[in-house]
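# Observations on the three-dimensional arrangement
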Amino acid sequence: QVQLVESGGGLVQAGGSLRLSCAASGRTFSSYAMGWFRQAPGKEREFVAAINWSGGSTYYADSVKGRFTISRDNAKNTVYLQMNSLKPEDTAVYYCAASISDPTVVRHNYGYWGQGTQVTVSS
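Here's what I pulled together on the structure shown here. Predicted model only: the values in this text are computed from it and were never measured. Along each chain, numbering runs from 1 in the same order as the chain's sequence is written. Local features in this predicted model are restricted to residues whose pLDDT is 70 or higher, and side-chain atom pairs enter the listing and the counts only when it is 80 or higher, whereas totals over whole chains, interfaces and linings include all residues. Only hydrogens and water are set aside; all other atoms, that is, all heavy atoms of the structure, feed into the side-chain values.

Now for the overall build of the chain. In this description a helix means any DSSP run of H or I spanning at least four residues, a strand means any run of E spanning at least two, and both kinds are numbered starting from the N terminus. Counting its secondary structure elements, the chain contains zero helices and 11 strands. Reading the chain from its N end, one meets helices and strands in the order β-β-β-β-β-β-β-β-β-β-β. Judged by the C-alpha coordinates and their principal axes, the chain covers about 40 × 25 × 25 Å. Residue exposure (1.4 Å probe, protein chains only): buried if accessible area is under 20% of the type maximum, exposed if over 50%, otherwise partly exposed. When burial is assessed residue by residue, the chain has 43% of its 123 residues classed as buried.

As structure tokens, then:
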């Protein structure tokens, strides 16, 4: 089992950057694929990015490709989401999630979720 805690959200102007962190408890962090999802008010939770257990494979939603970068540090039990060139449409609560299987865009394949961190991008 793994517990996840996100941090790093906040208010930023369009064009700015933020780095989200997700700290995981437990000694088996490196066994999990990790993902970032986001949910804007009134919308479904959507896939943002995912990374495999070693960090060697990454996946992105088309809407963030080229602007966001997912990475992980297994020694620190932490996964990151570097967000550059932020847009107002990136405003959402961002969640990290862990999957015992391969990285996936499918929300229901992730068995563990953090509580979320708010990202607000002003125009």
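The next thing to look at is the state of the cysteines. By definition, a disulfide links the sulfur atoms of two cysteine residues through a covalent bond. By definition, disulfides here are pairs of cysteine sulfur atoms that lie within 2.5 Å. Tallied over the full model, the rule gives one disulfide. The disulfide partner of Cys 22 is Cys 96, and the gap between their sulfur atoms is 1.9 Å. Between Cys 22 and Cys 96, the S-S torsion sits near 40 degrees, and that sign places the bridge as right-handed. Of the two residues, Cys 22 sits in strand 3 (residues 18–24) while Cys 96 sits in strand 9 (residues 92–99), which places them 74 residues apart along the sequence. The pair Cys 22 / Cys 96 is uniform in exposure class, with both members buried.

Take the pattern of salt bridges next. Definition used for salt bridges: Asp or Glu carboxyl oxygen within 4 Å of a side-chain nitrogen of Lys or Arg. Scanning the model with the defined rule gives five salt bridges in all. Glu 44 is the salt-bridge partner of Arg 107, the closest N and O atoms lying 3.7 Å from each other. Taken as a pair, Arg 107 in the loop between strand 9 and strand 10 (112–113) and Glu 44 in the loop between strand 4 (33–39) and strand 5 (46–51) lie far apart in primary sequence, 63 residues in all. Since its relative accessible area comes to 61%, Glu 44 is described here as exposed. Asp 62 is paired through a salt bridge with Lys 65; the nearest N and O atoms lie 3.2 Å apart. Here the salt bridges share partners, and the residues they tie into one network are Arg 38, Glu 46, Arg 67 and Asp 90.

Moving on, we come to the sheet that holds strand 7 (residues 68–73). Strand pairing is assigned whenever DSSP detects at least two bridges linking the two strands. Pairing is antiparallel across the open sheet formed by four strands, whose spatial order is 1-3-8-7. This sheet does not close on itself; its edge strands, each paired only once, are strand 1 (4–7) and strand 7. Taking each pair of neighbouring strands and ignoring which way they run, the sheet shows an average axis angle of 15 degrees. As paired elements, strand 7 and strand 8 (residues 78–83) share six bridges and run antiparallel to each other. Across the sheet, Arg 72 pairs through a bridge with Val 79, a residue of strand 8. Think of each axis as a best-fit line through the C-alpha atoms, taken over the contacting stretch in the case of a helix, with angles from 0 to 180 degrees between the N-to-C directions.

This part is about the side chain of Asp 90. Position of Asp 90 among the secondary structure elements: in the loop between strand 8 and strand 9. In protein, a polar contact requires one atom able to donate a hydrogen and another able to accept it; more generally it is a pair of N or O atoms within 3.5 Å, and residues adjacent in sequence count only if both atoms are side-chain atoms. In terms of polar contacts, Asp 90 uses its side chain to reach the side chain of Arg 67, at 2.7 Å. Residue contacts follow a heavy-atom distance rule, with two residues in contact if any of their heavy atoms lie within 4.5 Å. Ignoring sequence-local partners within four residues, the contact set of Asp 90 consists of Arg 38, Arg 67, Phe 68, Ser 85, Val 119 and Val 121.

Moving on, we come to the nonpolar core. Core analysis: the largest hydrophobic core is formed by 34 residues, its most contacted members being Met 34, Trp 36, Leu 81, Met 83 and Tyr 94. Going through the elements one at a time, strand 3, strand 4, strand 5, strand 7, strand 8, strand 9 and strand 11 (117–122) are the ones with two or more residues in this core. Discounting residues that sit within four places of it in the chain, Met 34 has contacts with Leu 4, Cys 22, Phe 29, Ala 49, Ala 50, Ile 51, Ile 70, Arg 72, Val 79, Ala 97, Ala 98 and Tyr 110. Among buried residues, those of type Ala, Val, Leu, Ile, Met, Phe, Trp, Tyr and Cys that are joined through side-chain atoms within 4.5 Å constitute a nonpolar core.

Worth remembering: the numbers are spatial, not functional.
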